[in-house]
Amino acid sequence: MDTTHLHLLLNHVPTIGFIVALAFYIVSFFGKSDHVKQASLALMVGVAFITIPTYVTGNAAWNAIQTMDDMHVSAAETHEGAAFLAMIFIQITGALAFLGLWSLRRTGSLSNAASAVIFIFASISFMLVAG
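Everything numeric in this text was worked out from a predicted model, so none of it was measured. (Residues numbered from 1 in each chain as written. Predicted model: local features only at pLDDT ≥ 70, side-chain atom pairs only at ≥ 80, totals over all residues. Heavy atoms only, no water.)

A. Fine view of the overall build of the protein chain. Helices and strands together make up the secondary structure of the protein chain, namely five helices and zero strands. Ordered by position from the N terminus, the helices and strands of the protein chain form the series α-α-α-α-α. Evaluated residue by residue, the protein chain yields a buried proportion of 30% over its 131 residues. Within the protein chain, contacts between residues separated by at least 24 positions form 75% of all contacts whose residues are at least 6 apart in sequence. Split by element, the accessible area of the protein chain, about 7700 Å² in all, is 72% carbon and sulfur. (Helix = DSSP H or I, 4+ residues; strand = E, 2+ residues; numbered from the N terminus. Buried < 20%, exposed > 50% of the residue type's maximum accessible area, 1.4 Å probe, protein only. Contact = heavy atoms within 4.5 Å. Areas by Shrake-Rupley, 256 points an atom, 1.4 Å probe, with all protein chains shown as cover.)

Printed below as a string of structure tokens:
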């Protein structure tokens, strides 16, 4: 397996990971479960970590398609720009989720404002990777 194949494999983690993490996060509000909230925040942090090698292996995939026609290269340039923006939002979401986990561990609760900010960034991150 080369880095292009690794990129194609890892490329699904941010999308699927944020679907699951966001679903758990929403369920945690309705079920009023801090354990489910912790699981969703931990998943967001994990997805943020996996997103870094996903983005980096994209450079190898880029090198592999340089020999293809202009349509593929143009689509890859669009994909790269969208991927960079999504990665930035995912990293911010991961950092906020980590702070949320730290707050839950330290105080036993997460403020409504912090929950809302994490939800907003997670939703934006999901829209960027799914779009």
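B. Region of the structure containing unusual backbone geometry. A positive phi angle, close to 50°, is found at Lys32, a residue other than glycine. With respect to the element layout, Lys32 can be found in the loop between helix 2 (12–31) and helix 3 (34–65). Of the residues examined, Lys32 reaches a relative accessible area of 74% and is grouped as exposed.

C. Here's a closer look at the environment of Leu41. The topology assignment puts Leu41 in helix 3. When the C-alpha positions of Leu41 and Ala97 are compared, they lie 5.0 Å apart, and in sequence the two are 56 residues distant. Among all residues touching Leu41, those that are not within four sequence positions of it are Tyr25, Ala97, Gly100, Leu101, Leu104, Leu110 and Ile118.

D. Examining the environment of Val117 more closely. Looking at the secondary structure, you find Val117 in helix 5 (residues 112–130). On the basis of relative accessibility, which here comes to 36%, the residue Val117 falls in the partly exposed class.

E. Broad picture of the environment of Phe24. Along the chain, Phe24 falls in helix 2. In this structure, Phe24 is in contact with Val36 and Ser40, ignoring residues within four places of it in sequence.

F. Main features of the nonpolar core. One finds Phe18, Tyr25, Leu41, Met44, Leu110 and Ile118 to be the most contacted residues of the largest nonpolar core, which totals 15 residues. Contributing elements (two or more residues each) for this core: helix 2, helix 3, helix 4 (70–107) and helix 5. Considering each element in turn, this core owes the most residues, five residues, to helix 3. Ignoring sequence-local partners within four residues, the contact set of Phe18 consists of Val13, Met44, Val47, Ile90, Thr93, Ala122, Ser125 and Phe126. (Core = buried A, V, L, I, M, F, W, Y, C linked by side-chain atoms within 4.5 Å.)

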